[in-house]
Every structure is written in C-alpha cells, then in structure tokens.
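If you want the building blocks of each chain, they are given just below.
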Amino acid sequence: MTEQLGGWAGKVLRVNLTTGVIHVEPTSQYHPYIGGMGIGYKVLWDGHVDDILATDEENKLVISAGPLTGSGAICTGRTTITSRSPVIRGDLITDGHFGGHFSPALKFAGYDAVVFEGKAAEPVWLRIEDDEVRLESAAAIWGKGMHDTFAWVAKTMGQSAQVAAIGPAGEHLVAQSTIQTQGGHSAGGHGAVLGSKNLKAIGVIGTGGVGVAAGNEALRQLDDHVLGIIGANNQGVVPNQPQSWAEYSSSGSRWRGGPGVQWGAADEPVDIGETPWDDKAKVGMRTSMAEMYFGREEANKHFRRAGGCHACPIRCFCEMKNPKMKSKYGLPTEHVTNVCLGFLDPWYAMGKPGHSPKRTDIQTVGGYLMDDLGVWSAYGQMSHVFREFHKRDFWREILPVAEFEAIAWQQVNDQDAHFMEFFYTTLAHGNGVLGKFLGCGLYQVVDFWHGPEPVSEADYRLDLGQDLAFMVALHQKLNALTFALDNDLAELKGQPYSLFKDKACNIFNQSMVGGLHHASETAAQVGALINTTFNRDAQCHSHINLVNCGLPQGMIETIAAELWGEGAFDKVKHYTPINAAKIAFAKWSLVKNVLHDSLTLCNWMFPLVVSPDKNRDYRGDSTIEAQMFTLVTGRQTSEAELDHMAERVLHLHRALTVLQMKQMDQRNHHDVLTPWVYDMDPDKAFGDEGTIKMDRDDMQKSLDLFYAAFGWDVATGAPTRATLERFELGFVADTLEARGLLPA
C-alpha cells in the first residue's frame, strides 16, 4: 500500500537549459534528506564534476523548499538555493536563503524543487503555472533591474505571480550577486550562476495546495502553542525597554515595539504602545526593527509598516518611506523594504555615521540600489574593505590614476548618499578596477596578493581587465602596503598589511575568506566552531536566538545547562575555556540550522528554547519542529529522529566539501581562523572580561572535541566510514575511499 504523505508536493522539476528539455522526477528519493537544503546537497553530490567553476555550464543550481513550506505552519516561508559559489575559494558548494512567498507558490504549483543545468543560447526565463512549465525569451528584461523585472513578469503572468530573479550584477557574472524575490528578500552568492546560464528569472503561479496529513485543525492547535512561545526577531522574549507587563527588559532584545515607537509614515500613523506577550493581535508589531537601523527619531518619521514572509507573524522587514529618495536622489520610488544587511551594507561603505537624516538617506538610497542591481555584500565584507581601504588611502595605490581621480571621493568623505549610485552601479557592472576588485570574490584578491609575483596571465585568476604589466605592478604595490593608522596595534605598525590581521575588514574564516557572522564576537567557541563548518559566512541563528533572547544572564546559563550541561553558555565578552557542554551546544546549533534549512523553517526565529511566558519559567519547546513535521507529513517522528535526518544532511555537506576540495585535511585547509581573532586586544588575555579574543591552543582543542562529537576523524576533520554508514551514507564513504579522501 502506498504511503499517503502530506507536506511534500511530490515532484522535482529538472530544467536543462542547453537542450530546453524539462522533465519531472519524484521527490520521494530525497525524503531521507528532508527537503530544501537536503535536496540541494544530494543533487550536487549526485551530479558532482571535478574541477569546475560555479559559472561553468556543467554546474547545477537547485531552488528548493521543504515539507513544511506551504502547509500553513508558522514561519515556513523560506527558500533554499544550493550551488557552487564563485565567491568562495575553490568555487565550493554553498547555500543561500530568502524568505517571502516564492517557495510556497512553488509548492502550490506542485513542485518541491527546481534543478537547473546547462546554459541557454540566449537569455530566457522559466514560466511555471501549475503543470504548464516552459522557457520563454527574456530579451525584454535582460539588463533591467530587479524591480522592473518583477513588474514585467507579474504583468505577463498575472499579479499573483511570485518571482525569483537576478539583476545586472548576476548578468555581468559578478561573484558578489544575489538571487532575489519580491519584498527585498535575497539570497547571496549565486546570482552569477544564473547569469552564466542566461537565466534571468523564474515566475510561479500555483493554484493548488499542500496536504496536511493531520488536518488543519490539529495544525491550528499547534500554531496556537507556538504563538504562546514565540518572541520577536532572533527570539527576543523580553521587550527592548521596560513595559508594565514585563518582568524583564533588555536593550539587546529585538522586541522593539513598545511605547514611543511609531509607524509614522503609514497612511494613518500608528502608535505601537505596549505589546504584551499574550496579545496575539500585536505579535506582528513587537519586532518593529526600524529603530535598530535608523534610530528612534528617524524610524518614527520614515517607518511605514512591518513586512515579512508567508505564514510568519513576526514581520521582521521594514518598509521605509523617504521622499528624498525620489525628490533629491532621482530614484523612481520613495519606498524601500529591507532588513539587516540591506540597510547596513551601505552604512558600512560610507563610514558608519550616527543616526541622522544623512544615515537615513544612505541606507534607504543604498538599500534600494543594492537590491535593484542585485549586489551581494557577503555579510558586509565588501563594504568593510571599501571603507577601510579608503581610510588607509589604499585605493590611490591600487586604482589606475585616471580611474582614481574620476571617483567623487569628496562624496564619501561627506557621507553623501549620492555616492551610492556610483558605488553599486560600479559593482554590479564590474566597472573598472574598483568594481572588479570588490565584486570578484575576495579570495581572488587574497590569492593574488599573497601569491608569487606573476610572470604570465596564467599565474592568477583575478581579472581586473588590465594587462600583465599592470598586474605585476599591482602585486608589488599591494605587497608594499603597511599598517600605518594611529589606531593600528603597536606590533603591526610598519608591518606589511594583511586583510587577515585587520579586524575591521571582518574576515573570520581564513581558508574560505568568509565574513564574521555570529562567531566569537557573540558566542565564544560555539560561534567560532559554527563559522568553521560551512563554506561561506555561517547563516546560523540557532545559538544567537538564545544569546539575543534578553533574559538575565543567570537564567540563560541555567536553561543552557539544562539543555547541554554546565558551562555551555558564556557571558558575551567574558569567555571560559572549551568544555563538553559548549561542544554539545555548537553541535546542536548546527544540526538545528540544517534542519530548519531543510524543512524550510525560519532559523531567524527557531529553535524556540526560551519563551516570553513567565508561567513556563520562560522555557520554550524544542520539539515543535518534530510536532510540525509529524502533523504535516503524517510520519510520526521524534525530535531525536528528525535531528538524525538533519545531521545526515550536515555530514553530506562536509563530505561534498572534502570531495570538491580534493582535500581530506579539513583542519588545516578549511577550518582555519584569521590571526586577528587571536591577536586582538594585546593588553588582554583570552578569558579576560571585555574581549572576544580566542586562544590558539584552546581553539585546536575545541576542534578536537567538535570533530569527535560529529564522528569525524580528529586529525583531519573529515567524516569517517563508520559515521557515514551510521547515517545511511555508505555510498558517500565508497566515493571518498575510491579517491583517497576517507580517513583510515
């Protein structure tokens, strides 16, 4: 008898852009990998080709959803994009994610994933209307920005169409480019992959639904349970400021909605007032994050409303209205919707001014242009480098004289938002040495810089559009740069400059040249270990949703000890040596992260191990994901069983990294942190209060314990046969062994 399952749509679309052939295969073969990220990794494993670039025709790209998406379960509007990435050394596999409404529409059309391979002869877009799927010419939208592309596809298909697209950055094969959907939701690092395939957009209209095995009433009861536990963004469970109903408050909480907060640019301005945890009608107001990015005064003037994703009550996104976007800066709109790096990246580039109308202009104008052009910042890394090199006057040495003199540097010095158009257009089109230098993927710059002086163009991959003589001179100039700022560490003054020693550039993983993202700056060894695992900046919020919850330190420590053991949770900037409990916390965080990206459940909110409910002693419920999975799919599954499936996906990722790198020794070739992590704050030692610095010996011990916890070889950090077989990945072990990549 055939098992009747809910959740999964049941079909995966395969689109060969070279031949134009589109066919369907069953999703059931991917059920052991859950969905979303798991589907992506399995497709990339099965289709592995040695030594290819992300932009080569042989590379595949997978857009996928998990079994919870489209079911109505809370916070399940995420989409996962998996492929090799041109941003990463070795063009290794990475996954990007966006929210919005795209993946639910894909599920409603009957598909769990779309796999793209090959390359179209001319620009095309994919049109999906339930069972009707076809490629059509994209000549009318090739070269257009994101917003015009969304409008054109919606006009062509109908206003209900959900669209994923690339902008000019992806078309120009700029590594630092996005795939984006409506509402400011974007996934970084793969725009150039679609550009290399001449694929501009995917439009979807789905008129079906997603089956829920247990029925909608049972899922509604679970939703009510979740609404009693869920907090604000990053699972902040206490308000940012004191409120009459709250026992605690914390300035670090993202529960920003409260007295004095206004949606002042709404058609009818809204005073938020108090937002009690048990007032379900105001759940969507409690985050109100605009003041995080703009400050209270500016946010109250320009915040129009909160936005967000399908099936999510939290509404993390900020729709801002700044009339000067149109009247002063010449943009076609005075509205922009975004969150986090969508606002912060322009601010980073322009010197990080304080809250003011000037900062508002920079963030709204820059955020709009960044999205419209499809530029990705790699968690701010690109803009940190631009700012720091300007501060050090390095661009004068790096750029050709004519190019340097043509740039309006006074606008940068004046923090004038007019510069944003030049900056993001230069990046999106790869214009000049500046655009290529910042847009190529920073590892290319690092490898050229620290490699031998070139004697032929074959000696380097970095393409700045210049001849060999220029590149030889540039290599010499780069290696002549020194630390010379007044605030540089004394022991660095006069020494050769290194991106890996400059904390301000925020490079954390030296091997992958990955950006700092919830690493040791917030979670000691737990965050550091998480940032060694993936091939790009870690997009893991599992641990941060506890760090940022806002509860008193002692209470968080108690909850962490209940979950992982005594000593699992350190106070930020007051760290202790590694222990078994921290290792358990790090492993749990990664497994939950992979679980969420496979279920396609929001990891910005889940897991919910704390709650705003005093009657629960502020405890949450870590079994909610398993309850959702059981109700939606009809497969009775415990938390431990579901975590086992997620860990299988994580082991597959690690094995695929080993395979793509052709390198078993992950410890020394992948999991390496930059020197500043250990050498910052020379007047303090690891463990002193007030520093996030780590200790080299402690970090190596951390890796020993971390590898052992996952069943990876302690010497190399590569998965062992025993571990792979325990997770039903014996075929993976066979492949690695045949290539000499399996530990003995």
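Above this note sits the structure.
Criteria and thresholds
Residues numbered from 1 in each chain as written. Predicted model: local features only at pLDDT ≥ 70, side-chain atom pairs only at ≥ 80, totals over all residues. Heavy atoms only, no water. Phe/Tyr/Trp six-rings, centres within 6.5 Å; stacked < 30°, edge-to-face > 60°. Helix = DSSP H or I, 4+ residues; strand = E, 2+ residues; numbered from the N terminus. Buried < 20%, exposed > 50% of the residue type's maximum accessible area, 1.4 Å probe, protein only. Lys NZ or Arg CZ within 6 Å of the ring centre and 35° of its normal. Pairing = 2+ DSSP bridges. Axes fitted to C-alpha atoms, helices over the stretch in contact; angles between N-to-C directions. Contact = heavy atoms within 4.5 Å.

Caption draft 1: Structural context of the packing of aromatic side chains. Inspection of every chain in the model, using the stated rule, returns 35 aromatic pairs. Their ring planes at 70° and their centres at 6.3 Å tell us that Phe 508 and Trp 676 sit as a pair that is edge-to-face. Linking Phe 508 in strand E18 (residues 507-509) with Trp 676 in helix H26 (residues 676-679), this pair joins segments that are 168 residues apart in sequence. Here Phe 508 falls in the buried class, since its relative accessible area comes to 0%. For Trp 676, a relative accessible area of 3% puts it in the buried group. Across from the ring centre of Trp 347, 3.9 Å away, lies the NZ or CZ of Arg 359, which sits over that ring.

Caption draft 2: Summary view of the sheet that holds strand E6 (residues 113-117). Pairing is mixed in the open sheet, where six strands are placed in the order E2-E1-E6-E3-E4-E5. Strand pairing shows two members of the sheet lacking a second neighbour, strand E2 (22-26) and strand E5 (93-98), which therefore form its edges. On average, each strand axis in the sheet is inclined to that of its neighbour by 20°, with strand direction left out of account. Inspection of the sheet shows strand E4 (residues 79-84) paired to E5 by six bridges, in the antiparallel sense. Bridged to Thr 82 within E5 is Asp 95. Against the sheet, helix H1 (residues 37-46) touches strand E1 (11-16), strand E3 (61-64), E4, E5 and E6, its axis set at about 160° to E3.

Caption draft 3: Representation of the sheet that holds strand E8 (residues 132-137) within the structure. Read from one edge to the other, the open sheet built from six strands follows the order E8-E7-E12-E9-E10-E11, with strand pairing classed as mixed. Each edge of the open sheet is held by one strand with a lone partner, namely E8 and strand E11 (185-188). The sheet shows a mean angle of 15° between the axes of neighbouring strands, direction not considered. The pairing of strand E9 (residues 162-165) with strand E10 (residues 178-181) spans two bridges and is antiparallel. Across the sheet, residue Ala 164 finds its bridge partner in E10, namely Thr 181. The strands touched by helix H3 (residues 146-157) within the sheet are strand E7 (124-129), E8, E9, E10 and strand E12 (199-205), with E7 carrying the most contacts at an inclination of about 45°.

Caption draft 4: Just the environment of His 543, in detail. When you line up the elements, His 543 lands in the loop between helix H19 (520-533) and helix H20 (544-547). For His 543, a relative accessible area of 0% gives the class buried. Spatially, the C-alpha atoms of His 543 and Asn 593 are 9.3 Å apart, while their sequence positions differ by 50 residues. For His 543, the contacting residues outside a window of four places in its chain are His 518, Ala 523, Val 526, Gly 527, Ile 530, Phe 585 and Ser 589.

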